[in-house]
Amino acid sequence: ARRLPSPVPSSSRLIRPDPQLESLRDALRRAEDKAAGHRDRRRPRSGLAPRADLHVDFFRQYALFTRAFMDFGERLAANHEPASVLEVDTPTSVGGGVAAALMRWPDTVGRYALPNPSASATMHALDGELRAASTLDRVDPTHGGFALACASFDASQPSAATSTAAGGAERLRQWMALLKPEGVLAVVEHIPGPEHAPVHVPVLRRALMDLRESGEPLTILAPCAHQLACPLDAGADARGEARGLPTQCRFAQRLEWRRDMRPGRGQRGNAFEPLHFAYLVVAGSGVRPAPAQPTAGRVLSPPRKRSGHVLMDVCDGEGALRDIVVSRRHGASLDGTSPYREARKSSWGDFWGGFHGGAGSEAGV
């Protein structure tokens, strides 16, 4: 029987919005009130339009891009510290990628570009806050030469441009043309809930494989540990589906909403929202990931931790789905690490280092 991921994500990396974003949150809420015609947020007049809660989508995207930046950083042999960041024009762009990059690399990012700051209240508020910082320069998105590009989608909003592999390939070419050879493209797709499936990212990944076959020097940094066709595509691994392995490449991340940032206003305490998402990080010809063990890979579902052993669904470095069992008998590796301890600490979506020399290479696959 098919095993669906738990609706409550098992992630050790809780993301909290940076306190420096509070001024931006306030600017977004002022824009919400202005759009709805509210003068007093505590006692809105009857008959007025409800507030749009623009800051909700912004902070969700902020959390997903932050998670993507964490994951692809683990795959690079050298630190990637971009000096410029671009938010590409998609139907759901609200600037969350630019904000996440500025919070993660505050000392290196000096230039940013938004597709159209006046297109929405969110973009306008973000642009105003960024332009107030004397250390940042806003540049035209068409200038190119960016070190990092961010694209966001929502599974509940299909896009004609990414509905086919041909359309996805054209979008990828356009985005990669705006990057340096050592530039990185990060694509995230928010999924409304565990019962939904990603729409845009699978198409873009298949388009990426077509581009690689045609000779384009592109490299997948995350979530995949390989450069092969996705084994989770329909019909790619019927044996894995029969064993109950996941059938979708999707992950989850917990986002903390402080009381003054929560979507529902007037509520007490903090709240933790489970965000389901899919993502893809692509690098140009000037970037190469660090070499990984063949048994290393991405954890595709919450690990099942038992007494003395851990069961994990892993997409490994050879492009295969494996149902791995890691037990105490897999002693210390030659490099001193313990596969069992690493497995006990792993979470859904983490990159697992695999079995290093001396610890064995097969475990219940």
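Details of the structure are given in the entry above.
Note that this is a predicted model, so its numbers are computed, not measured.

Thresholds, definitions, all that
- Here the residue numbers are simple positions, counted from 1 along each chain's written sequence.
- Where local features are concerned, this predicted model is filtered to residues with pLDDT of at least 70; where side-chain atom pairs are given and counted, the filter is 80 or more; whole-chain, interface and lining totals use all residues.
- The basis for every side-chain value is the complete set of non-hydrogen atoms in the structure, without hydrogens or water.
- Strands here mean DSSP runs of E at least two residues long; helices mean DSSP runs of H or I at least four residues long; both are numbered from the N terminus.
- Each residue is assigned to one of three classes by its accessible area relative to the maximum for its type, calculated with a 1.4 Å probe on protein chains only: buried under 20%, partly exposed between the two thresholds, exposed over 50%.
- Accessible areas in this description were obtained via Shrake-Rupley with a 1.4 Å probe; residue shielding takes into account the shown protein chains only.
- Think of a salt bridge as a Lys or Arg side-chain nitrogen and an Asp or Glu carboxyl oxygen that are within 4 Å of each other.
- Aromatic pairing here means that ring centres of Phe, Tyr or Trp (its six-membered ring) are within 6.5 Å. Orientation follows from the plane angle: under 30 degrees is stacked, over 60 is edge-to-face, and everything else is tilted.
- Comment: the charge-over-ring label is applied if NZ (Lys) or CZ (Arg) is within 6 Å of the ring centre and within 35 degrees of the ring normal.
- A cavity here means a set of points on a 1 Å grid, drawn over the protein atoms and nothing else, where a 1.4 Å probe fits but cannot get out; a pocket is an open set with protein on both sides within 12 Å along at least five of seven lines, and a residue lines either one if it has an atom within 4 Å of a point.
- Grid points are joined across faces, edges and corners, and a volume is the space filled by probe spheres set on the points.
- Throughout, the ten residues Ala, Val, Leu, Ile, Met, Phe, Trp, Tyr, Cys and Pro are labelled nonpolar, Asp, Glu, Lys and Arg are labelled charged, and all others, Gly among them, are labelled polar.
- Among buried residues, those of type Ala, Val, Leu, Ile, Met, Phe, Trp, Tyr and Cys that are joined through side-chain atoms within 4.5 Å constitute a nonpolar core.
- In what follows, residue pairs with any heavy atoms lying within 4.5 Å of each other are defined as contacts.

Considerations on the overall build of the chain
Move 1: Along the backbone of the chain there are 8 helices and 13 strands.
Move 2: By residue count, 52% of the 365 residues in the chain fall in the buried class.
Move 3: When the accessible surface of the chain is summed, it comes to about 16200 Å², and 49% of that surface belongs to carbon and sulfur atoms.

Considering the pattern of salt bridges
Move 1: Scanning all chains against the criterion turns up 8 salt bridges.
Move 2: Between Arg322 and Asp316 there is a salt bridge, and its shortest N-O distance comes to 2.4 Å.
Move 3: One salt bridge in this structure joins Glu318 and Arg322, with 3.6 Å as the shortest N-O distance.
Move 4: Each of the salt bridges in this network shares a partner with another, and the network as a whole consists of Asp57, Arg60 and Glu273.

Things to note about the packing of aromatic side chains
Within a pair of aromatic rings, the relevant descriptors are the distance that separates the centres and the angle that separates the planes.
Move 1: Going through the model one piece at a time under the given rule, you end up with 9 aromatic pairs.
Move 2: Aromatic pair Phe58 and Phe59: ring centres 5.1 Å apart, planes at 80 degrees, arrangement edge-to-face. Here Phe58 and Phe59 have matching classes, each one buried.
Move 3: Centre to centre, the rings of Phe277 and Tyr279 are 5.7 Å apart; their planes meet at 35 degrees, and the pair counts as tilted.
Move 4: Aromatic ring contacts, followed pair by pair, group Phe65, Phe69, Phe72 and Trp105 into a single cluster.
Move 5: The side chain of Arg111 reaches across the aromatic face of Phe146, ending 5.6 Å from its centre.
Move 6: The cationic tip of Arg254 hangs over the ring face of Phe272; the distance from NZ or CZ to the ring centre is 4.7 Å.

Description of empty space enclosed by the protein
Move 1: Across all of its chains, the model carries 2 cavities of 30 Å³ or more by this definition.
Move 2: Around the largest cavity, the lining residues are Pro223, Cys224, His226, Cys230, Pro231, Leu232, Cys249, Phe251, Arg298, Leu300 and Cys315.
Move 3: Split into classes, the residues belonging to the lining of the largest cavity amount to 9 nonpolar, 1 polar and 1 charged.

A closer look at the nonpolar core
Move 1: Within the largest apolar cluster, 52 residues are counted, with the highest numbers of intra-cluster contacts made by Phe69, Phe72, Val85, Leu148, Leu221, Tyr279 and Val281.
Move 2: When contributions to this core are tallied by element, the ones reaching two or more residues are α2 (54-73), α3 (96-104), α4 (121-131), β4 (146-154), β5 (179-191), β6 (219-222), β7 (251-257) and β8 (271-283).
Move 3: Top element by residues in this core is α2. It accounts for 10 residues.
Move 4: Contact partners of Phe72, with chain neighbours within four places excluded, come to His80, Trp105, Val184, Leu221, Ala222 and Val281.

Honestly, it's all geometry; don't read function into it.
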